[in-house]
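Now for the letters of each chain:
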Amino acid sequence: MLKGNEALIEANNVGTSQKVISIYEELDPGKKLEVMMTCDSAFDIPLMHRAGCDTLLEKISTKAIVLVACCKEQIGYAAMYANDLQNKTAFITMLAIRPEFQGMRIGRRLLLECEAKARENGMRHIRLEVAKGNDRAIRLYKKCGFQIHDESKSGFYMMKAL
């Protein structure tokens, strides 16, 4: 199933409901966009309907580390930046799991992979933003060791030391 510019992170296969979930890093910008489109139903407001989505998609496809979860098909992804060399803080900009695959610990596995990639890139902290009303995601992030360290009008900024 894996081909081309995909760097497989084979050690992170996990059996979930009799399915094997593989996580790999997608390196091809065009394929990164495909993954984001495939998983767009994970968001209350799909990326395609957000203001400035073209700029965001271009930035993610060319500058972000994109980790993809697969089980015969793409079922989720995490996109993060690990380029803040001054503060040594990575930032997870997107975490999306298609609705029919939520609750299977795939988000947790993607978060762990983001942490590993951040460490590989010399980061000491990892940060993300989550909407205040996204209780399910907030619980997941807290279970994974993230703590709220700041807030905006609509969201919380959460951080974890690596």
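Everything quoted here is computed from the prediction, not taken from an experiment. (Residues numbered from 1 in each chain as written. Predicted model: local features only at pLDDT ≥ 70, side-chain atom pairs only at ≥ 80, totals over all residues. Heavy atoms only, no water.)

Draft legend 1. View of helix 1 (residues 29-38). Among the residues of helix 1, K32, V35 and M36 are the ones counted as buried. An end-on view of helix 1 places all buried positions within 100° of arc, on one side of the element. Its side-chain oxygen at 3.0 Å from the backbone nitrogen of G30, D28 defines the N-terminal cap of helix 1. (Buried < 20%, exposed > 50% of the residue type's maximum accessible area, 1.4 Å probe, protein only. Helix = DSSP H or I, 4+ residues; strand = E, 2+ residues; numbered from the N terminus. Arc of directions from axis to C-beta. Polar contact = N/O pair within 3.5 Å; in protein donor to acceptor, adjacent residues only side chain to side chain.)

Draft legend 2. Region of interest: the side chain of K117. Looking at the element boundaries, K117 is found in helix 3 (residues 106-120). Residue class for K117 comes out buried when judged on its relative accessible area of 14%. At a separation of 2.7 Å, a polar atom in the side chain of K117 contacts the side chain of E25. If sequence neighbours within four positions are ignored, K117 has contacts with E25, I65, L67 and M80. (Contact = heavy atoms within 4.5 Å.)

Draft legend 3. Fine view of helix 2 (residues 53-63). Taken together, the buried positions of helix 2 are occupied by C53, L57, I60 and S61. In a view along the axis of helix 2, the buried residues occupy a sector of 95°, so they form one face of it. Within helix 2, the exposed residues directed more than 90 degrees away from the buried face are T55 and K63.

Draft legend 4. Local environment of the pattern of salt bridges. A complete count under the given rule lists 7 salt bridges for this structure. With a shortest N-O distance of 2.7 Å, E25 and K117 are connected by a salt bridge. Taken together, the residues span a long stretch of sequence, with E25 in strand 2 (residues 19-26) and K117 in helix 3 at a distance of 92 residues. Two residues, K132 and E151, come together in a salt bridge whose shortest N-O distance is 2.7 Å. A residue pair is termed long-range when its members are at least 10 positions apart, and K132 in the loop between strand 6 (125-131) and helix 4 (135-143) and E151 in strand 7 (residues 147-151) qualify at 19 residues. (Salt bridge = Lys/Arg side-chain N within 4 Å of Asp/Glu carboxyl O.)

Draft legend 5. Spotlight on a positive patch on the surface. Together, R105, R136, R139 and K143 make up a region of like positive charge exposed at the surface. Looking at where K143 falls in the secondary structure, it is placed in helix 4. (Patch = residues over 30% accessible without salt bridge, like charges linked within 9 Å, V, L, I, M, F, W, Y side chains within 5 Å. Areas by Shrake-Rupley, 256 points an atom, 1.4 Å probe, with all protein chains shown as cover. Lys, Arg positive; Asp, Glu negative; His and termini not counted. Charge placed at Lys NZ, Arg CZ, Asp CG, Glu CD.)

Draft legend 6. Fine view of the packing of aromatic side chains. Under the counting rule described, the total for this entry stands at 1 aromatic pair. Geometry around F43 places R50 over its ring, the cationic atom sitting 4.9 Å from the centre. A cation sits over an aromatic face here: K59 above Y81, 5.0 Å from the ring centre. (Phe/Tyr/Trp six-rings, centres within 6.5 Å; stacked < 30°, edge-to-face > 60°. Lys NZ or Arg CZ within 6 Å of the ring centre and 35° of its normal.)

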